[in-house]
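Below are the chains, spelled out letter by letter.
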Amino acid sequence: MKAALGALLGRELALAFRQKGELLQPLVFFILVISLFPLGVGPGPQTLQKIGPGVIWVAVLLASLLGMERLFRDDFNDGWLEQMSLSAVPLTLVVLIKVMAHWLTCVLPLLLISPLLALFLHLTADMYKALLMTLILGTPLLSLVGATGVALTTGLQRGGVLLSLLLLPLFIPLLIFATSAVDAAALQLSYNGQLAIIAALLLLALALTPFATAYALRVVQG
Amino acid sequence: MWKWLHPYAKSEKAFELCARLLPWLSISAIVILATGTLWGLMFAPADYQQGDSFRIIYIHVPSAILSMGVYSAMAVAALVGLVWQLRTATMAVAAIAPVGAVLTFIALFTGAAWGKPMWGTWWVWDARLTSELILLFLYLGVMALYQSFDDKQQGGKAAGVMALVGVVNLPIIHFSVEWWNTLHQGATITKFGKPSIAPEMLWPLLLCILGLALASAALSVYRFQSELMRREIHRPWVQAQARKEHSDAV
Amino acid sequence: MQFESWSEFWAMGGYGFFVWLAFGVSLLALIGLILQSRLARKQVLRTILQEQQRQKRIQASRSKQVKGNKA
């Protein structure tokens, strides 16, 4: 079983790296959205610092939605998913591996580029530290919950807008707690509470969403 | 109880039950809702702080309560549909969602129309208003998901999953928004003095809640019947029913 | 009755615009929902009847074919 899951992860990563163009799209989108804000609201460091955490988090939400759309699409179209749901490996674990691979290939680059964007938006070192912590805890949550929404819209012709309609309301708590953690860091306050809540949400999602996603995949396969 | 309930999983029995319930539900809904509204608008005393503007309560509070009640009804139907694989239950999800969305819209709109004279603005990012707005998005998501499936069987199940995901998230969203709101602006405008409501004001309110609940039930039942017919288009009883209703209409 | 006259009733103590706006839009929304439900039901009925006609035509042409083959 372990070998099978390892092979699965290897396959996912290999597939992702073979399509470098698609891999880069969310990253470029992320940088572009964030560099639009200083142009839109003016280059004053104080304004930018104030809206910075919110801007970065909203951009992360949108960029990860953009990358997530094709999480199951190709595997659904070429019948791989159907085979997988018949194999001995539980579909829940397959889903978990796919989400992990997606996080490693699509979301981790966003995290790696984030110091640069923190500079763009004049975040202080404390704020950046808090931002990074919320990103590390929060983005896996995004991917897990997102996978459920993606599974529900897999196989639909016009899934893109629908996906945002389904998922963005669900991400609101994460956005609230993450930005407030960074705001607290800006005021030199403790933000352990917010991090703990995000971690709790992550664990809840880790426990529940793989089952919901696997079920949704079975539904769309008819 | 199962023995009694089980036949209603069959579509024809469910349709018959709905047909029997529908007239009672609609007539009592109209009578009670009209009584409650007229009583509230004409005979209930004016509020000593808010004057006559408080009469918006007779539509705002019922619709707000029911927007959440209807969501839980939809989630229960979704759960039943997913756990026991009952097709009729997933049809109920699809039938209930638009009713709930309209109730949520009414709650939001009347809230805004009440907020303008009382708080001086149409919209505040108040915790309850924001939660209600997100509730509307959740309803719209369920409806849009159902609409975009050509195979309504699949669509019903998918909408059911989405309804359940929403019901798990609703408390989290509500809690987070409440926390966010107190953090950002403090409860200054939203907590206007809330005197315990006088019985002359309370009775029409209770009537309005009951009436709107009955109206929502009647509409859901009616839409559920249509959904049943749409999905079981080839069954003989559906075709007989369609001929009957068509000749009634003509 | 809380109000002395109809005009007072419509004015709602100066809040008439907001009260009637709220009730009017709510009523419209409910009526809209009812109309939409009626329309959806009519459409379902129409589809079912069309489908029935189609089945009848298919059967008619089939039985005609069978007769033709016999002859």
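Note that the structure is a prediction, hence the values are computed from the model and not measured. (Residues numbered from 1 in each chain as written. Chains lettered and ligands numbered in written order. Predicted model: local features only at pLDDT ≥ 70, side-chain atom pairs only at ≥ 80, totals over all residues. Heavy atoms only, no water.)

**Q** Looking at this model, I keep getting lost on the nonpolar core. Mind explaining?
**A** In a soluble, globular protein the nonpolar side chains are often hidden away together inside. Membership of the largest hydrophobic core comes to 162 residues, with the highest contact counts inside it found for F30 of chain A together with Y58, M74 and L145 of chain B. With 15 residues, helix 4 (residues 87–119) of chain B is the largest single contributor of residues to this core. In contact with L145 of chain B, not counting residues within four places along its chain, are L152, T153, L156, L162 and L166 of chain A together with A158, A159 and M162 of chain B. Counting residues in hydrophobic clusters, the runner-up holds 5 residues, among them I176 of chain A together with A127, I173 and V177 of chain B. (Core = buried A, V, L, I, M, F, W, Y, C linked by side-chain atoms within 4.5 Å. Buried < 20%, exposed > 50% of the residue type's maximum accessible area, 1.4 Å probe, protein only. Helix = DSSP H or I, 4+ residues; strand = E, 2+ residues; numbered from the N terminus. Contact = heavy atoms within 4.5 Å.)

**Q** Help me out: how do you make sense of the interface of chain C and chain B in this one?
**A** As a measure of interface size, the accessible area lost when the parts come together is often cited. Taken together, the contact pairs 33 residues of chain C with 43 residues of chain B. Both sides of the chain C and chain B interface together cover about 3,500 Å² of buried area, and 76% of this is carbon and sulfur. Seen at the junction of chain C and chain B, the total is 1 salt bridge. R41 of chain C is the salt-bridge partner of E245 of chain B, the closest N and O atoms lying 2.9 Å from each other. Viewed at the interface, chain B and chain C are joined by 7 residue pairs in polar contact (both at pLDDT 80 or more). If you list the elements that add at least two residues to the side of chain C that touches chain B, you get helix 1 (6–11) and helix 2 (16–70) of chain C. Per-element accounting of the side of chain C that touches chain B gives the leading share, 25 residues, to helix 2 of chain C. Split by residue class, the side of chain C that touches chain B holds 22 nonpolar, 8 polar and 3 charged. (Buried area = accessible area lost by both parts, 1.4 Å probe. Salt bridge = Lys/Arg side-chain N within 4 Å of Asp/Glu carboxyl O. Polar contact = N/O pair within 3.5 Å; in protein donor to acceptor, adjacent residues only side chain to side chain. Nonpolar A, V, L, I, M, F, W, Y, C, P; charged D, E, K, R; others polar.)

**Q** Can you walk me through the pattern of salt bridges in this structure?
**A** Oppositely charged side chains can pair when the atoms bearing their charge come close. Under the criterion given, the structure shown has 10 salt bridges over all chains. For K98 of chain A, the salt bridge is made with D75 of chain A, and the minimal N-O distance between the two is 2.3 Å. Placement of the pair is K98 of chain A in helix 6 (residues 91–120) and D75 of chain A in helix 4 (residues 73–77), with a sequence separation of 23 residues. Considered together, K98 of chain A and D75 of chain A belong to a single accessibility category, that of buried residues. Linking E51 of chain C and R54 of chain C is a salt bridge whose minimum nitrogen-to-oxygen distance equals 3.4 Å. Taken as a pair, E51 of chain C and R54 of chain C lie in helix 2 at a separation of 3 residues, close to a single helical turn. By relative accessible area, R54 of chain C is classed as partly exposed at 40%.

**Q** Is there a simple way to think about the interface of chain B and chain A in this case?
**A** Contacts between the two partners involve 27 residues from chain B and, on the opposite side, 25 residues from chain A. Here chain B packs against chain A, burying approximately 2,200 Å² in sum over the two surfaces, 84% of which is carbon and sulfur. Between the two partners, chain B and chain A, sit 0 salt bridges. At the boundary of chain B and chain A, one finds 2 residue pairs in polar contact (both at pLDDT 80 or more).

**Q** Just checking my understanding: could you explain the packing of helix 3 (residues 57–83) of chain B against helix 4 of chain B for this structure?
**A** Helix-helix packing is characterised by the crossing angle of the two axes and by the distance between the axes. All names here are of chain B. Viewed as axis vectors pointing N to C, helix 3 and helix 4 meet at an angle of 160 degrees, and their least axial separation amounts to 8 Å. Considering their axes alone, helix 3 and helix 4 lie roughly antiparallel with respect to each other. In the crossing of helix 3 with helix 4, the sense of the turn from one axis to the other is left-handed. Residue composition of the contact of helix 3 with helix 4, by class: 18 nonpolar, 9 polar and no charged. (Axes fitted to C-alpha atoms, helices over the stretch in contact; angles between N-to-C directions. Parallel < 35°, antiparallel > 145°, perpendicular 65-115°, else oblique. Left-handed = near helix turned anticlockwise from the far one by under 90°.)

By themselves, these figures tell us nothing about what the structure is for.
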